[in-house]
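Structural overview
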Amino acid sequence: MQETAKRVTRRRVRTRARLLGAAFEVFAAKGFGRVSIEEVCEAAGFSRGAFYSNFATLDELFFALYRERADLIAAQVADALAQDGPDLDVPASVDRVTEVLLLDVDWLLVKTDFLVHAARDPAVAQALLDHRGRLREAVADRLSRARGHTELPAVLGGADGAARAVVAAYDGVTTQLLLDKDVDAARGWLKRLLTALLTDGGGTPDRP
């Protein structure tokens, strides 16, 4: 009985993953609002029954897809910032973050659709704000733990302000990336912007 339950759980996990992967491809190609449950099921190779055993609505699947990618980005940032120990090396950390950070045009198309969708639905908007807040918190927590070793520009108003600036820089660079599709240029600009934001004038950060 227990082994059967484990097999069912594993199968459901695989089914959910295939639905999310198929939805990502369909949403990126056609845009949310132009996609039906049937199209997601067809792309995944499943019936509607498989869909409804995992998600109540297309909105729920869409949010699960966003959450999966948002968690990945937050983890990438946190891991890249955690490698210096307490004495944060800002230029080196920025290099690591910009090298590993997800800069994928298809994801940005899906993310932009989700942003527009959320702007028209207060409940979804709050969920999106919560997830964006988690990314900021990951950055702010790392910067806070490095204080005393690395001075942030006073104009940012501390670690939380610096984290907001980092997320804003990412938003701006990825908007440009959506239009010109130049990933290398986006990484380069993000690196320069983050270095300038987190150090005095983009130079070597002051150390006490």
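Note: the structure precedes this text.
As a starting point, this report considers the structure included with it. (Residues numbered from 1 in each chain as written. Predicted model: local features only at pLDDT ≥ 70, side-chain atom pairs only at ≥ 80, totals over all residues. Heavy atoms only, no water.)

1. Thoughts on the overall build of the protein
What the protein contains, in helices and strands, is nine helices and zero strands. Ordered by position in the sequence, the α and β elements of the protein form the string α-α-α-α-α-α-α-α-α. Considering the protein as a whole, with its 208 residues, one finds that 44% of them fall into the buried category. The long-range share in the protein, meaning contacts at least 24 apart out of those at least 6 apart in sequence, stands at 71%. As presented, the protein carries roughly 11000 Å² of accessible surface, and 55% of it is formed by carbon and sulfur atoms. (Helix = DSSP H or I, 4+ residues; strand = E, 2+ residues; numbered from the N terminus. Buried < 20%, exposed > 50% of the residue type's maximum accessible area, 1.4 Å probe, protein only. Contact = heavy atoms within 4.5 Å. Areas by Shrake-Rupley, 256 points an atom, 1.4 Å probe, with all protein chains shown as cover.)

2. Re the packing of aromatic side chains
Tallied over the entire structure, the rule returns nine aromatic pairs. Taken together, a centroid distance of 5.5 Å and an interplanar angle of 65° make the contact between F27 and F32 edge-to-face. The pair F27 / F32 is uniform in exposure class, with both members buried. With 4.8 Å between their ring centres and 5° between their planes, Y66 and F114 make a pair best called stacked. Taken together, the residues Y66 in helix α4 (residues 58–81) and F114 in helix α6 (residues 105–119) connect sequence positions 48 residues apart. Each of the two residues, Y66 as well as F114, counts as buried. Three or more aromatic residues joined by ring pairs form one cluster here, namely F27, F32, F62, F63, Y66, W107 and F114. Lying across the ring of F24, R69 places its NZ or CZ 4.2 Å from the centre. (Phe/Tyr/Trp six-rings, centres within 6.5 Å; stacked < 30°, edge-to-face > 60°. Lys NZ or Arg CZ within 6 Å of the ring centre and 35° of its normal.)

3. Thoughts on the packing of helix α8 (residues 159–180) against helix α9 (residues 183–198)
It is the contact of α8 with α9, at a shortest axis distance of 10 Å, that shows an interaxial angle of 160°. One way to sum up the angle between α8 and α9 is to call them roughly antiparallel. When the axes of α8 and α9 are compared, the crossing they make is right-handed. Where α8 abuts α9, its residues A162, A165, V166, A169, Y170, V173 and L177 lie against V183, A186, W189, L190, L193, L194, L197 and L198. Among the residues making up the contact of α8 with α9, the classes are represented as 15 nonpolar, no polar and no charged. (Axes fitted to C-alpha atoms, helices over the stretch in contact; angles between N-to-C directions. Parallel < 35°, antiparallel > 145°, perpendicular 65-115°, else oblique. Left-handed = near helix turned anticlockwise from the far one by under 90°. Nonpolar A, V, L, I, M, F, W, Y, C, P; charged D, E, K, R; others polar.)

4. Re the nonpolar core
Counting 65 residues, the largest nonpolar core has F27, F51, L61, W107, V110, Y170 and L198 as the members making the most contacts within it. If you list the elements that add at least two residues to this core, you get α1 (2–30), α2 (37–44), α4, α5 (90–100), α6, α7 (122–146), α8 and α9. Broken down by element, this core gets its largest block of residues, 13 residues, from α4. Aside from chain neighbours lying at most four places away, what touches F51 is L19, I37, C41, T57, L58 and L61. (Core = buried A, V, L, I, M, F, W, Y, C linked by side-chain atoms within 4.5 Å.)

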